[in-house]
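Spelled out, the chains give:
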Amino acid sequence: MEGGIQLQKNGITQRKQEKNYDFFAAASELLADLPQRSQEIVKKRFGLFQAKPQTLEKIGTDYGITRERIRQIITDVVKKISLKRNEPGFKKAEDEIIFTIEANNGIIKKSEIIEILSAGDYREANALIFLYECSSKIFAVEEESIHESWVVNKKKIEKVKEVALMAQEILKKEKKLLTDKEIIKAIAGSRQDLPGEEILNYLKVLSGIEKNKFGKWGMADWAEINPKGTRERIYAIFKEKKTPLHFTQIAKLIDEYGLSKRKAHIQTIHNELIKNDRFVLIGRGIYALKEWGYYAGTIRDVLERIFRKNKKFLSKEEIFREVSKVRQVKKATVLINLSNDKLFVKQNNLYSVRTDSHRILRNV
């Protein structure tokens, strides 16, 4: 037997809507003709008096009886209410729940349907849990690969599990995040009978696959889906934006996308960028991912690497072009470094690096 739920302090932020039906009133009406003590016990257990449902132990202590006796009373009440399934109040409430489940292709996460139907009212949310317990038409999904969800047809579960396997195979093969359009196209290639909306609704209830804050699908254990710490949040921002960023921009984007419950601290972000070799400083406060082909080092190191790679003298413009691929610095900074005649040599307005034996490289 389940209790109710306690909604977040700030209420519902997604898919919140006005209530179409008063579930709390329906539950209260259905309980009205039962003994007063039974009503009170059920209301305490399901949170119909207060936001947080009380435990069996707490209720038992209040009435001086065992927790097992409290459980028996609740079970008895649920059975009695379920016999009222043809009464207008019960039927209307049940129909509202079923309609919402069917509108989501026959399966919906418990948390989502409560968001939709309760409009942020804890009494409505907890009344929904109670009415679900009393219904013989609504079933809970008990599968490891699926979040706690409600269905009206248990056959739907096998269809969802089939989509789950296909999605997992696709994501593990692609090894990258996919948009709605991309994952629908990939799955529809094997199951052309499934409309895109149905595929997305099935994906929403899966526990092993999730959509991240950027609206892209991936495996739930991927860092880009659920970044745990500062380092992973920074990495997720880079992977989404696909461009070098200033550390202040990264902090701002972490807040904008809601990747952390706490406000991102600029200095913390900067410290993580400095100490982790996954990130490379390429300009004044500007960083990029090492996996993009960037490498650590000063401008002098970059110039030496460019010359040794090309093995010939290069013009200023050629040097600027090569440097711009891995660093965001002013041309004056490059020229200052080139003026170090202990490391670099100039010949006919062309530049190169001195060899270890101090011999000048010549054009081939």
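Anything mentioned here points back to the structure above.
Just so we're clear, the structure is a prediction, and the values are computed from it rather than from any experiment.

Novice: An account of the packing of helix H3 (residues 56–63) against helix H4 (residues 67–82) is requested, with residue identities and associated values reported.
Specialist: Two numbers describe how H3 lies on H4: the axes approach to 8 Å, and their chain directions differ by 100°. Considering their axes alone, H3 and H4 lie roughly perpendicular with respect to each other. Here H3 contributes Leu 56, Glu 57, Ile 59 and Gly 60 to the contact with H4, which in turn contributes Arg 67, Ile 70, Arg 71 and Ile 74. Along the lines of polarity and charge, the residues of the contact of H3 with H4 split into four nonpolar, one polar and three charged.

Novice: An account of the side chain of Lys 84 is needed here, citing residue identities and associated values.
Specialist: Note that Lys 84 resides in the loop between H4 and helix H5 (88–103). Accessibility expressed as a relative area gives 11% for Lys 84, which makes it buried. Only 2.7 Å separates the side chain of Lys 84 from the side chain of Asp 33, close enough to count as a polar contact. Apart from residues lying up to four places away in sequence, Lys 84 is in contact with Leu 30, Asp 33 and Phe 90.

Novice: Can you lay out the sheet that holds strand S2 (residues 139–141) for me, pointing to particular residues and giving the numbers?
Specialist: With antiparallel pairing, three strands are arranged side by side in an open sheet as S1-S3-S2. The open sheet has two free edges, formed respectively by strand S1 (107–109) and S2, since each of these has just one partner strand. Strand after strand, the sheet turns through a mean of 35° between neighbouring axes, direction not considered. Across three bridges, S1 lies against strand S3 (residues 149–151) in antiparallel orientation. Across the sheet, the residue bridging to Ile 108 is Trp 150, located in S3. Along the sheet, helix H6 (residues 110–118) contacts S1 and S3; its crossing angle with S1, the most-contacted strand, is approximately 85°.

Novice: Now, about the pairing of strand S9 (residues 344–347): what can you tell me, with residues and values included?
Specialist: For a regular strand, side chains alternate in direction, first toward one face of the sheet and then toward the other. Across four bridges, S9 lies against strand S10 (residues 350–353) in antiparallel orientation. Counterpart to Val 345 in the pairing with S10 is Ser 352. Turn length for the S9-S10 hairpin, with the two strands adjacent in sequence and antiparallel, is two residues, and the turn residue Asn 348 shows positive phi of about 55°.

Novice: Describe the packing of helix H1 (residues 23–31) against H5, with residues and values.
Specialist: Think of two packed helices as two axes; the pair is described by the angle between the axes and how far apart they sit. Closest axis-to-axis distance for the H1/H5 pair is 9 Å, and the angle between their directions is 145°. As H1 packs across H5, the resulting crossing turns out to be left-handed. Seen from H1, the contacting residues are Phe 23, Ala 26 and Leu 30; seen from H5, they are Gly 89, Phe 90, Ala 93, Glu 96 and Ile 97.

Novice: Outline the sheet that holds strand S6 (residues 245–246), supporting the account with residue identities and numerical values.
Specialist: Strands sit in the order S6-S8-S7 across an open sheet of three strands; the sheet is antiparallel. The strands lining the two open edges of the sheet, one partner per strand, are S6 and strand S7 (279–281). Note that S7 and strand S8 (residues 286–289) share three bridges and pair antiparallel. In the sheet register, Val 280 faces S8, and the bridge partner there is Ala 288. This element, helix H11 (residues 230–241), spans S6, S7 and S8 of the sheet and lies at about 80° to S8.

Novice: Give me the lowdown on the nonpolar core, citing residues and values where you can.
Specialist: Among the nonpolar cores identified, the biggest contains 40 residues, and Phe 23, Leu 31, Ile 81, Ile 97, Ile 113, Phe 130 and Trp 150 are the most heavily contacted of them. Of all elements in the fold, only H1, helix H2 (36–46), H3, H4, H5, H6 and helix H7 (122–134) reach the threshold of two or more residues within this core. With eight residues, the single largest contributor to this core is H7. When near neighbours in sequence (up to four residues on either side) are disregarded, Phe 130 contacts Ala 27, Leu 31, Val 42, Phe 46 and Ile 81. Listed in part, the 25 residues of the second largest apolar core include Ile 157, Leu 178, Leu 200 and Leu 203.

Novice: Can you explain the environment of Val 329? Please cite residues and give values.
Specialist: For Val 329, the position within the fold is in the loop between helix H15 (316–324) and helix H16 (331–338). Residue classification places Val 329 among the partly exposed positions, given a relative accessible area of 33%.

Definitions and limits used
Residues numbered from 1 in each chain as written. Predicted model: local features only at pLDDT ≥ 70, side-chain atom pairs only at ≥ 80, totals over all residues. Heavy atoms only, no water. Axes fitted to C-alpha atoms, helices over the stretch in contact; angles between N-to-C directions. Helix = DSSP H or I, 4+ residues; strand = E, 2+ residues; numbered from the N terminus. Parallel < 35°, antiparallel > 145°, perpendicular 65-115°, else oblique. Contact = heavy atoms within 4.5 Å. Nonpolar A, V, L, I, M, F, W, Y, C, P; charged D, E, K, R; others polar. Buried < 20%, exposed > 50% of the residue type's maximum accessible area, 1.4 Å probe, protein only. Polar contact = N/O pair within 3.5 Å; in protein donor to acceptor, adjacent residues only side chain to side chain. Pairing = 2+ DSSP bridges. Left-handed = near helix turned anticlockwise from the far one by under 90°. Core = buried A, V, L, I, M, F, W, Y, C linked by side-chain atoms within 4.5 Å.

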